[in-house]
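What the coordinates show
Listed below, chain by chain, are the residues.
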Amino acid sequence: MTRFNAFSLLRNAVSGHRNWTEQWPDSQPKPEYDVVIVGAGGHGLGCAYYLAKEHGITNVAVIDKGWLGGGNTGRNTTIIRSNYLYDESARLFDHSLDLWQGLSQELNYNVMYSNRGVLMLAHNQHDVQSFRRHIHANRLNGVDNRWLTAQECKEVCPPLNIAPDARYPVMGGALQQRAGTARHDAVAWGYARGAAARGVDIIQNCAVQAIRRGPDGAVTGVDTDKGFIRAKKIAVSASGHNSMVMATAGVRLPLESMPLQALVSEPVKPVFPCVVMSNAVHAYCSQSDKGELVIGSGTDQYVSYSQRGGLPLIEHTIAAISEVFPIFNRMRMLRKWAGITDNTPDRSAILGKTPVQNLYVNCGWGTGGFKATPGAAHLLAHTVARDAPHPINAPFSLERFRTGRLIDEAAAAAVAH
Amino acid sequence: MTSFRVSGKGRVDTARPVNFTFDGRTYQGCAGDTVASALLANGVHLMGRSFKYHRPRGAVAAGSEEPNALIGTRRGPGRFEPNTRATMQELRAGLETMSQNRFPGLSFDIGAVNDAAYMLFSAGFYYKTFMWPRSFWDRVYEPFIRAAAGLGVSPSQEDPDTYASRNLHCDLLIVGAGPTGLAAARAAAGDGLSVVLVDEHAEAGGTLLSEPQAVIDGLPAWDWLAAELAALKDLGVRVMTRTTAIGYYHQNMVGLCQRLTDHLDNLPADTPRERLWRVRARQVILAQGALEKPLVFHGNDRPGVMLAGSAQTYLNRYGVLVGRRPVVLTSHDSAWYAAFDMAGAGAQVQAIIDLRGDVAQELLDEARRRDIPVRLSGTVTGTSGRLRISAVRVNPVADGRAGPAERLACDCLLVSGGWTPSLHLFSHTKGTLAWDEDRTTFLPERTPEDCLIAGASRGLWGLEAALQDGAQAGIRAAGALGRNRSGTAPRVEGDRPGTGISARELPTDRSPGRAKAFVDYQNDVTAKDLRLAVREGMRSIEHVKRYTTNGMATDQGKMSNINGLNIAADALGKPQPQVGLTTFRPPYTPTSFGAFAGYHRGSHFEATRRTRIDGWAEAHGAAFEPVGQWRRAWYFPRPGEDMQAAVSRECRAVRRSLGIFDASTLGKIEVVGPDAVEFMNRMYTNPWTRLAVGRCRYGLLLGDDGYIRDDGVIARIAPDRFHVTTTTGGAARVLAMMEDYLQTEWPDLQVWLTSTTEQWSTIALNGPNAARLLAPLVEGVELTEEAFPHMSCTECTVAGLPARLWRVSFTGEIGFEINVPAPMGRRLWETLWEAGQRYDITAYGTETMHVLRAEKGYIIVGQDTDGTVTPYDAGMGWAVGKAKPDFVGKRGLARPDLVAADRKQLVGLLTEDGSRLEEGAQIVFDPQQPVPMTMVGHVTSAYHSDATGRPIALALVQGGHERMGQTVHVPMPDRTIAAKITGTVFYDPENTKLKI
């Protein structure tokens, strides 16, 4: 692996870029692995990376039915934050945020983590109460988050409309300065490169058809397009299609898969310095380093595995953007797309062991999985390596739906996500 | 200035000159021009700068696929848009345009230093550097990169224009009004079929507009076109121009964006700028045609290098010669015709260079006849000229190797790499594509939609083939719609079908590693970038695309995708189908936000729901607050009063005499049917079987997880009829939940649900004098403790109006809720207001309602509960019908964690220092602990209570019910507040005030 730095870039520039080597090889499956990870998104690749780096487990394959990073890793709006209400969530996402801060250096791959700040807007008394509750809880949890008046919001984000006679006037906002965005593809590629360098096989265009179990109930391997692959342990991290993969092992997950759309505008010069989220009107916006406004939508309200959303939701999303940022009304949408989110009843993830021995699951991230990438990957690796959850992900067990110990951020915010 | 306008050519109106400006300089064009054609007519090729290297660029195309000629367009204050394609913006009087992404100017741009350092800025270079020191990313590198990126500048003012939208249902939608689409429409129309034909250009005709030489059924092409359009009009076909089909959605829904004013000299009043159409068509025919491929060679981006077919369009449609001394470089026959047309219009064609060694004899003959030098098996290995091409470097090719170079002077270079079917909308349907080796392109295969694709968009070249295939598609679509059609396609003379080969990066005698052979013009992606991506392990075309940004420019890969695929496939040593094509995503061309937002802007972003009494509240000075889509009277300040003073006065009035409150926003659902009581038993926690007609009960609704979702008082109007109320914000959610259960879980129940929120106006009267005021106005019931006790309901008349009268209280005082048909609400309100003057009746708002209910410990769902609170947590176990066999949430409620001892439970809090707590503040047992602290609950409601003379609060506290009298702590940023846990009822715990 060629180490990336300004000198190697310069050296290769001089030699016409002919000497760069591949960032990860095109691996074909071996007959057996210690760990097979299903799903080569940021979470799965990251898990492989940490298994190799922190737990010394390198006989690992990451298998994907498509190309790596092509699911929700490559389809999200890259918002990263940790100002969650409940202790369990705050710890999980803050763990992730800590890892984000040094991820470029860790991977020797610039993932462009940008601490540009995430501003969440309050549009009514209920929002104000809810955000204040978050801010108080975050303060006592040591999580950065502070209240801004409408005027202060405008100073942070000049395109914002704070007119008091707006349909949903801005009554203030909560700003997490440490939060921000990152370059999504680079996260997948950086983990892939780091994992491959440590001996992990990344097997693309190879669909997992079924998880096989032995007479004792424990997993024995996966049937794939490229034949049966034996595995001592299997971790499933296949976002929108988790429920289908896990069903082949006889595990029914409390998941509903729904399309979530996003879009970008044509690129323009810097005009939008931070990330703004408005749950009340469903407007989520930032500007990429390339100059495109990156805009997230609400979830299409039907269950589907097709990566294709409807027009009405886009109309509403754009209307919300034009409402909150009226100067953008003459901007143009360049492209839109959809991903499939897997949603749990409490809208929090499931990350841990399953009733099947040596089968682990990382799912249910809904609309918020990207921000968790390094954290989830790190914790999943720990859980797989030790056959026991890390204290941070222990509360995110599948068991909680039986016991009722839910972590319901959506209900706590009383916002329909 | 030299004019490149050719008299007698084109469809522009040379008698109607139009002035416009480009970068501050005034130019003249004609009515019918685009900005690009008008600039070219003035000899201006330099129109923009590229994204990364800031290389000078000119228009390379004549349509919506243009990647280079992007300009800012302005019409006075507020009407500015960046990144407009000069090739699509029609000229209008006074149009101001400006170039982008350059400083200080278009001709001299400092950013072009990037071009000199281009070896550093290879594909993905930013992933490999800018990592040290770590803190520099946010402070130095990223701001620098951001400032360098972007194309035009964002608008800075609010958009003064309006936008519209409309739904359209039709039998057949045809996308593309070129020869294929026209023939399809003609074949299908008639017999009452509703046929819609749309085209993105200003006029219908497509390639016919660029091919006036053709003769169709004996008529010159343009005469035939006019006759055909007239015939379609007679057949009732709706032809929509300036209308782009932007996206193809599930079940044959196609989104259209129609541009209505951007081309007009004078802006009409009251006309929307654009209109979004949501078309649901029974059948769709896609006739989007094909896009010409550029050729990939060093210097292929210099202004003056243009697609041959586009040059033909500029000449034949706009009457503009893009150069007087063109060189033509091609791998396809079609560019030969462009050369012939140029020569026919007076250009001195310097050479036709064909990559092929074997070309049809009639083309060679025609070239000879016109004295055009021809070089077969040739290539171009470079271009020169600073801001405009002045010469090409031409080499012969033998065995794939370029021979000695020769310099050929020229003023433009027309290129063609053949044609690629336009499959964008087809791909939106998730239709599958099949690789066609003969045409070296992907062709449409199967789609799940009721969709046909015809003409050049399925790889058929030439006018006659297009007309035939279009007619066939029209016949098939009509057949699918139950109409038998037949017909023959018209005869065509002067057709130019042509063939060609698909070229890769052209052979060169220079180092390919040094070549700037552009594939994606706008994003400055070169062939060597693509090869670098492959070298670095990017094997999927999606990876190549994302690593190099090839195909991610504002032309969405229309110019670059197929060349990028071919080059990547070669580098990988794989056939194209194994490398795959990137997904085409909507919209087809960039579409303004305004078109999507449509009517939903400003106060119309979402409807503001107002009660019938809202006008009275406004007239009486109410302050309002938004609650969901409603606006509700928050409080009624008198002159000089702040919110606190007004609320205290309103509270006092209710407690001492009489208050009146508009409760109309409460959700209302009429639950009716023989199984209504069974349905209610299953939905709500409470038992309903024994609730007598004429009685009310507080109902609690859980989710299946056992947590409180909604609540409200419910009246039994008849044995089979309940009048359910919900929270204001929960109305739609509760109805949806009820319908969900009724339709999917209990379809056997005979129950009908009707939302009646908007049918009733609801007025609440509260206070010791409530009955006194109301009694004389009511007919049909005595308002005595015996005849109409607390929690009664009846149908009667109030002030002569038909009413459902309830005796309920959300304040702790004697209370009535009077429901009258909505339109009568204001009349009743004013009657009560008038009659209540003797009791000093006081109107109160939501804030006072909140205080009064908190004094009584009544919860507000969503404030004192948050979706994690059980009835037991809220101290309302009494509302759970334990004997009932089942209800929604019963199983969830039995889960171990929901019956655990240390759950957070609703309690009252009284601060020790008498200060008022903040809602949302967190509670701890040990105030001395370090961060992160163990939090045990939070304050859900906090008010100043006038009745008790002190601040009160409700809170959820871990194990709270067992901790009465204990002290907890609320750490605030500046201090920690100690508070004592109490019961939740702060006022009249014995309910003595409820008695009449």
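No experiment lies behind these values; they were computed from the predicted model shown. (Residues numbered from 1 in each chain as written. Chains lettered and ligands numbered in written order. Predicted model: local features only at pLDDT ≥ 70, side-chain atom pairs only at ≥ 80, totals over all residues. Heavy atoms only, no water.)

A short note on the overall build of chain B
- If you tally the helices and strands in chain B, you get 23 helices and 53 strands.
- Taking the principal axes of the C-alpha coordinates as reference, chain B spans close to 115 × 75 × 55 Å.
- Per-residue burial over chain B gives 64% buried out of 996 residues.
- Sequence separation of 24 or more characterises 67% of the internal contacts of chain B that already satisfy a separation of 6 or more.
- By element, 50% of the accessible surface of chain B is carried by carbon and sulfur atoms, the whole surface being about 36100 Å². (Helix = DSSP H or I, 4+ residues; strand = E, 2+ residues; numbered from the N terminus. Buried < 20%, exposed > 50% of the residue type's maximum accessible area, 1.4 Å probe, protein only. Contact = heavy atoms within 4.5 Å. Areas by Shrake-Rupley, 256 points an atom, 1.4 Å probe, with all protein chains shown as cover.)

Points about the environment of Trp365 of chain A
All names here are of chain A.
- Following the sequence through the fold, Trp365 ends up in the loop between strand 18 (359-363) and helix 10 (373-386).
- Linking Trp365 and Leu351, residues 14 residues apart in sequence, is a C-alpha distance of 9.4 Å.
- Not counting the four nearest positions on each side in its chain, Trp365 is found in contact with His43, Leu92, Phe93, Asp342, Ala349, Leu351, Ala372 and Ala376.
- There is a polar contact of 2.7 Å between the side chain of Trp365 and the side chain of Asn362. (Polar contact = N/O pair within 3.5 Å; in protein donor to acceptor, adjacent residues only side chain to side chain.)

Comments concerning the packing of helix 17 (residues 643-656) of chain B against helix 22 (residues 846-855) of chain B
Residues and elements named next belong to chain B.
- Across the interface, helix 17 lies against helix 22 with an axial gap of 9 Å and an inter-helix angle of 55 degrees. By the criterion of interaxial angle, the relationship of helix 17 to helix 22 is oblique. Here helix 17 and helix 22 pass one another in a crossing that is right-handed. Contacts between helix 17 and helix 22 involve Met643, Val647, Glu650, Cys651, Val654 and Arg655 from the former and Glu847, Thr848, Val851, Leu852 and Glu855 from the latter.
- Classifying every residue of the contact of helix 17 with helix 22 by side-chain character gives six nonpolar, one polar and four charged. (Axes fitted to C-alpha atoms, helices over the stretch in contact; angles between N-to-C directions. Parallel < 35°, antiparallel > 145°, perpendicular 65-115°, else oblique. Left-handed = near helix turned anticlockwise from the far one by under 90°. Nonpolar A, V, L, I, M, F, W, Y, C, P; charged D, E, K, R; others polar.)

Examining the pattern of salt bridges
- Tallied over the entire structure, the rule returns 82 salt bridges over all chains.
- Note that Asp185 of chain A is salt-bridged to Arg183 of chain A, the shortest N-O span being 2.9 Å.
- Between Asp873 of chain B and Arg903 of chain B there is a salt bridge whose closest N-O contact spans 2.9 Å. Separated by 30 residues along the polypeptide, Asp873 of chain B in the loop between helix 22 and helix 23 (890-893) and Arg903 of chain B in the loop between helix 23 and strand 48 (904-911) bring together distant segments of the chain.
- Note on Asp873 of chain B: relative accessible area 2%, which makes it buried.
- Residues joined by salt bridges that share partners form a network here, namely Arg330 of chain A together with Arg79, Glu81, Asp159, Asp161, Asp262, Arg273 and Glu274 of chain B. (Salt bridge = Lys/Arg side-chain N within 4 Å of Asp/Glu carboxyl O.)

A short note on the packing of aromatic side chains
- A full pass over the atoms with the stated rule returns 43 aromatic pairs over all chains.
- Summarising the aromatic geometry, the rings of Trp100 of chain A and Phe370 of chain A are spaced 5.3 Å apart at their centres and angled 45 degrees between planes, so their arrangement reads as tilted. Of this pair, Trp100 of chain A sits in helix 3 (residues 87-101) while Phe370 of chain A is found in the loop between strand 18 and helix 10, placing the two residues 270 residues apart along the sequence. Side by side, Trp100 of chain A and Phe370 of chain A carry an identical accessibility label, which is buried.
- Seen from the ring of Phe228 of chain A, Arg212 of chain A lies directly overhead, with NZ or CZ sitting 3.9 Å from the centre.
- Taking NZ or CZ as reference, Lys558 of chain B lies 4.4 Å from the ring centre of Tyr588 of chain B, over its face. (Phe/Tyr/Trp six-rings, centres within 6.5 Å; stacked < 30°, edge-to-face > 60°. Lys NZ or Arg CZ within 6 Å of the ring centre and 35° of its normal.)

Focus on the interface of chain A and chain B
- On the chain B side, the residues contacting the 112 residues of chain A number 121 residues.
- The tally of links from chain A across to chain B stands at 12 salt bridges.
- Residue Arg330 of chain A pairs with Glu81 of chain B through a salt bridge whose shortest N-O separation is 2.8 Å.
- Here chain A is connected to chain B by 69 residue pairs in polar contact (both at pLDDT 80 or more).
- Looking at the side of chain A that touches chain B, its residues break down into 47 nonpolar, 37 polar and 28 charged.

Quick word on the side chain of Glu817 of chain B
All names here are of chain B.
- Along the chain, Glu817 turns up in strand 46 (residues 815-821).
- An unpaired buried charge is present at Glu817: no salt bridge exists, and Lys668, the closest side chain of opposite charge, is 8.3 Å distant.
- Dropping the residues within four chain positions of it, Glu817 is found in contact with Leu666, Thr762, Ile763, Ala764, Arg804, Leu805, Trp806 and Val808. (Lys, Arg positive; Asp, Glu negative; His and termini not counted.)

So, the nonpolar core
- Core analysis: the largest hydrophobic core is formed by 145 residues, its most contacted members being Trp100 of chain A together with Leu173 of chain B.
- The element contributing the most residues to this core is helix 7 (residues 184-197) of chain A, with eight residues.
- Those residues in contact with Leu173 of chain B that sit more than four places away from it in its chain are Val196, Val198, Val254, Val279, Ala281, Gln283, Val284 and Ile285 of chain B. (Core = buried A, V, L, I, M, F, W, Y, C linked by side-chain atoms within 4.5 Å.)

Remarks on the pairing of strand 18 (residues 326-330) of chain B
Residue and element names in this part refer to chain B.
- Most of strand 18 sits out of view: five of its five residues are buried.
- Side chains of strand 18 alternate between two faces, with Pro326, Val328 and Thr330 and Val327 and Leu329 buried alike.
- Of the pairings in the sheet, the one linking strand 18 to strand 25 (residues 412-416) comprises five bridges and is parallel in character. Bridging from a neighbouring strand, Val327 pairs with Leu413 of strand 25.
- With four bridges connecting them, strand 18 and strand 19 (residues 351-354) associate as parallel partners. Note on strand 19: the bridge partner recorded for Thr330 is Asp354.
- Taking the sense of rotation as the criterion, the β-α-β connection linking strand 18, helix 7 (residues 334-344) and strand 19 turns out right-handed. (Pairing = 2+ DSSP bridges. Right-handed = clockwise from strand over helix to strand, strands pointing away.)

Considering the pairing of strand 38 (residues 696-702) of chain B
Residues and elements named next belong to chain B.
- In terms of burial, strand 38 is largely enclosed, as six of its seven residues are buried.
- Here seven bridges tie strand 38 to strand 39 (residues 708-718), and the two strands are oriented antiparallel to one another. Bridged to Leu701 within strand 39 is Asp710.
- Hairpin connection between strand 38 and strand 39: a loop of five residues separates the two successive antiparallel strands, and Gly706 in this loop has a positive phi of roughly 95 degrees.

Observations concerning the sheet that holds strand 46 of chain B
- On the basis of which strands lie adjacent, the open sheet formed by seven strands has the order 43-44-45-46-42-36-47 (chain B) and mixed pairing. Each of the sheet's edge strands pairs with one partner strand only, and the pair in question is strand 43 (778-779) and strand 47 (842-843) of chain B.

Some remarks on helix 8 (residues 361-369) of chain B
All names here are of chain B.
- Within the span of helix 8, buried status applies to Leu363, Leu364, Glu366 and Ala367. For helix 8, the angular spread of the buried residues around the axis is 165 degrees, confining them to a single face. Along helix 8, exposed side chains directed more than 90 degrees from the buried face belong to Glu362, Arg368 and Arg369.
- Residues of helix 8 that are buried sit in contact with helix 7 and strand 20 (374-376).
- In the segment just after helix 8, Asp371 is the residue with positive phi, at about 60 degrees. (Arc of directions from axis to C-beta.)

Considerations on the packing of helix 3 of chain A against helix 10 of chain A
Residues and elements named next belong to chain A.
- Here helix 3 crosses helix 10 at 105 degrees, and the two axes come no closer than 7 Å. Between helix 3 and helix 10, the angle falls in the class roughly perpendicular. From helix 3, Leu92, His95, Ser96, Leu99 and Trp100 reach across to helix 10, where they touch Thr373, Pro374, Gly375, His378 and Leu379.
- Its residues assigned to classes, the contact of helix 3 with helix 10 shows five nonpolar, five polar and no charged.

Let's talk about the UniProt feature "domain: SoxA A3" (unreviewed entry) in chain B
- Under the present numbering, the feature "domain: SoxA A3" (unreviewed entry) in UniProt falls on residues 516-598 of chain B.
- A helix fraction of 46% and a strand fraction of 8% characterise residues 516-598 of chain B, whose end C-alpha atoms lie 43 Å from each other. (UniProt positions renumbered as here; feature names shortened; annotations may be inferred.)

Structural notes on the UniProt feature "domain: GCVT N-terminal" (unreviewed entry) in chain B
- In the numbering used here, UniProt assigns the feature "domain: GCVT N-terminal" (unreviewed entry) to residues 616-884 of chain B.
- Taken end to end, residues 616-884 of chain B comprises 25% helix and 30% strand; its first and last C-alpha atoms sit 45 Å apart.

Thoughts on the side chain of Arg400 of chain A
Residues and elements named next belong to chain A.
- Inspection of the secondary structure assignment puts Arg400 in helix 11 (residues 400-403).
- Separated by 2.9 Å, the side chain of Arg400 and the backbone oxygen of Ala349 make a polar contact.
- Ignoring any residue separated from it by four or fewer positions in sequence, one finds Arg400 in contact with Thr344, Asp346, Ser348, Ala349, Ile350, Pro395, Arg405, Leu406 and Ile407.

Regarding a nonpolar patch on the surface
- Nonpolar side chains collect at one region of the surface, where Phe103, Phe108, Ile110 and Val113 of chain B lie side by side and expose about 460 Å² of accessible area between them.
- Among the structural elements, Val113 of chain B can be located in helix 2 (residues 113-116). (Patch = residues over 30% accessible without salt bridge, like charges linked within 9 Å, V, L, I, M, F, W, Y side chains within 5 Å.)

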